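Structural description and commentary
Letter by letter, the chains look like this.
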Amino acid sequence: MSERDMRVARLHGAGDVRLHTEPRPAATGGDRLVEVTAVGVCGSDLHWFTEGGIGDAVLARPLVLGHEMAGVVRGGPDDGRRVAVDPAVPCGVCEPCRDGYGNLCPDVVFAGHGSCDGGLRQFLTWPAHRLHPLPDSLSDDDGALLEPLGVALHALDLARPRMAATVAVVGCGPIGLLLLQLARRHGATRLLAAEPLPHRMAVAESLGAEPAAGAGVADVVFEVSGSEAAVDTALRLAKPGARVVLVGIPDGDRTSFSAGLARRKGLTLVLARRMGEVYPADRSTLPPRRLVDLAPLVSDVFGWRGGHRAEDRRPPPVEGRHSPAALTEVTAPAVTTS
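All figures in this text were calculated on a predicted structure; none of them were measured in a lab. (Residues numbered from 1 in each chain as written. Predicted model: local features only at pLDDT ≥ 70, side-chain atom pairs only at ≥ 80, totals over all residues. Heavy atoms only, no water.)

Take the sheet that holds strand β12 (residues 166–170) next. Sheet strands pair via backbone hydrogen bonds, and the direction of the pair is either parallel or antiparallel. Taken together, the 6 strands give an open sheet; going across it, the order is β14-β13-β12-β15-β16-β17, and neighbouring strands pair in parallel fashion. Two strands bound the open sheet, and with one partner strand each, they are β14 (210–211) and β17 (268–271). Relative to strand β15 (residues 218–223), β12 runs parallel, the two sharing 4 bridges. Bridged to V169 within β15 is F222. Contacts from helix α6 (residues 228–237) reach β12, β13 (190–194), β15, β16 (238–246) and β17 within the one sheet, and its direction differs from that of β16 by about 145 degrees. (Pairing = 2+ DSSP bridges. Helix = DSSP H or I, 4+ residues; strand = E, 2+ residues; numbered from the N terminus. Contact = heavy atoms within 4.5 Å. Axes fitted to C-alpha atoms, helices over the stretch in contact; angles between N-to-C directions.)

So, on to the side chain of D86. You can see D86 is positioned in the loop between β7 (82–85) and β8 (88–89). Aside from chain neighbours lying at most four places away, what touches D86 is W126, R130, H132, M275, E277 and Y279.

If you check the backbone angles, R160 has positive phi at about 50 degrees while not being a glycine. Following the sequence through the fold, R160 ends up in the loop between α3 (140–159) and β12. Note on R160: relative accessible area 62%, which makes it exposed. Positive phi values are uncommon outside glycine, yet R274 reaches one of about 50 degrees. When you line up the elements, R274 lands in the loop between β17 and α8 (279–284). (Buried < 20%, exposed > 50% of the residue type's maximum accessible area, 1.4 Å probe, protein only.)

This next bit is on the environment of S256. You can see S256 is positioned in the loop between β16 and α7 (259–265). Considering only alpha carbons, one finds S256 and A229, 27 residues apart in sequence, at a separation of 9.5 Å. Here the side chain of S256 touches E228 through a polar contact of 2.9 Å, side chain to side chain. (Polar contact = N/O pair within 3.5 Å; in protein donor to acceptor, adjacent residues only side chain to side chain.)

Bringing the packing of α3 against helix α4 (residues 174–185) into the picture now. Where α3 contacts α4, the axes come no closer than 9 Å and their chain directions differ by 55 degrees. By the criterion of interaxial angle, the relationship of α3 to α4 is oblique. Judged by the twist between their axes, the crossing of α3 over α4 is right-handed. Across the interface between the two elements, P148, L149, V151, A152, L153, A155 and L156 of α3 pack against I175, L178, L179, L182 and A183 of α4. Split by residue class, the contact of α3 with α4 holds 12 nonpolar, no polar and no charged. (Parallel < 35°, antiparallel > 145°, perpendicular 65-115°, else oblique. Left-handed = near helix turned anticlockwise from the far one by under 90°. Nonpolar A, V, L, I, M, F, W, Y, C, P; charged D, E, K, R; others polar.)

For helix α5 (residues 198–206), every residue scored as buried is listed here: R200, M201, V203 and A204. Buried residues in α5, looked at end-on, bunch into an arc of 160 degrees, giving them a common side. Exposed side chains of α5 directed beyond 90 degrees from the buried face belong to P198 and S206. Next to the buried residues of α5 lie α4, β13 and β14. Following α5 by one or two positions, G208 has its phi on the positive side, about 100 degrees. (Arc of directions from axis to C-beta.)

Across all of its chains, the model carries 11 salt bridges by this definition. Residue D78 pairs with R32 through a salt bridge whose shortest N-O separation is 3.0 Å. Of this pair, D78 sits in the loop between β6 (68–73) and β7 while R32 sits in strand β3 (residues 31–41), and the two are 46 residues apart along the sequence. Like R32, D78 is buried. In this structure, the salt-bridge partner of R74 is E35, at a minimum N-O distance of 2.7 Å. Linking R74 in the loop between β6 and β7 with E35 in strand β3, this pair joins segments that are 39 residues apart in sequence. The class of R74 is partly exposed, set by a relative accessible area of 36%. Salt bridges linked by common partners bring R10, E22, R61 and D117 together as one network. (Salt bridge = Lys/Arg side-chain N within 4 Å of Asp/Glu carboxyl O.)

This part takes up helix α1 (residues 43–51). Among the residues making up α1, those that are buried are S44, D45, L46, H47, W48 and F49. Against the buried residues of α1 lie β1 (5–13), β2 (16–23), β3, β4 (53–54) and β5 (57–58). Immediately beyond the C-terminal end of α1, within one or two residues, lies G52, with a positive phi of roughly 75 degrees.

Let's shift gears to the nonpolar core. Core analysis: the largest hydrophobic core is formed by 44 residues, its most contacted members being L146, V167, L179, L180, F222, V245 and V247. The set of elements that each furnish at least two residues to this core consists of α3, β12, α4, β13, α5 and β15. The leading source of residues in this core is α3, at 9 residues. Discounting residues that sit within four places of it in the chain, F222 has contacts with A155, L156, A159, V167, A168, V169, V170, L179 and V245. In this structure, I54, V64, L65 and C116 belong to the second largest nonpolar core, which totals 28 residues. (Core = buried A, V, L, I, M, F, W, Y, C linked by side-chain atoms within 4.5 Å.)

Glancing now at the state of the cysteines. In the structure shown here, the tally under the stated rule is 0 disulfides. With no disulfide of its own, C105 lies closest to C91 among cysteine sulfurs, the gap being 3.6 Å. (Disulfide = S-S within 2.5 Å.)

In structure tokens, the structure reads:
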């Protein structure tokens, strides 16, 4: 492989990720060339890997996955700067964008989705205004995890929890665990967690959560699994008049629930879509001041060699669909390991 080439992992179909050697991209206009140093493997990436799509989006060509990214700018006025990469590039001119809802932009370009290649490659070009400098106190892995932290922050904003609330989280993957931490910082006095995987539940309990039990016990519930069973659990845990925020992405692009239960309780159901403009708070406030702890979220790190790919790890034989890792995996495209 020449110095002008790079390694790229492309999804060709469900369960079919192949390594390629391709030319490095060249930055033009307002873009910067970024050498990718860490990429998180998200639950939505696993949808792409196992199903060849997510929701109503299907694989139309070999796609580079990965939207939780950090890297180093190479060349140009920002040469050598460590950055977190905001994977979303909204148009900025449509009505949702003008109203401050860039995450709802119908023409948003999103890394690792549709026709836009993501971060599972050694280099990418990305708009400079969507690159956020990382302080020295944050590692590359931390930088990649700012994206799921942003999703959690957005969900918390939608929930509007009151002080001294009881908050329940159904599904304790990375976003669920971050929501537990954020809810505590936001004044929740009781945290409840529902999670079928023992290793994830153990982390939730280490963050101060207790196993969720009973019915009508939570002022706010975050559903962060996507399964119908998780939605049913969320509605059961919610008190009358509670808010239930649906963060998880379901298989098959469809969710159903007991309308009678939700109606009798007078629940407010809110659907979360990615995140708003939260990277500045992500990188400058929460992790550096130790208001959230990102370290427990990384379960494995993979390089290009060694026969390991995070997407190749199959889920354990448990009911439902869960991430195959304990929490989340991080790949290091710029690092070669043996």
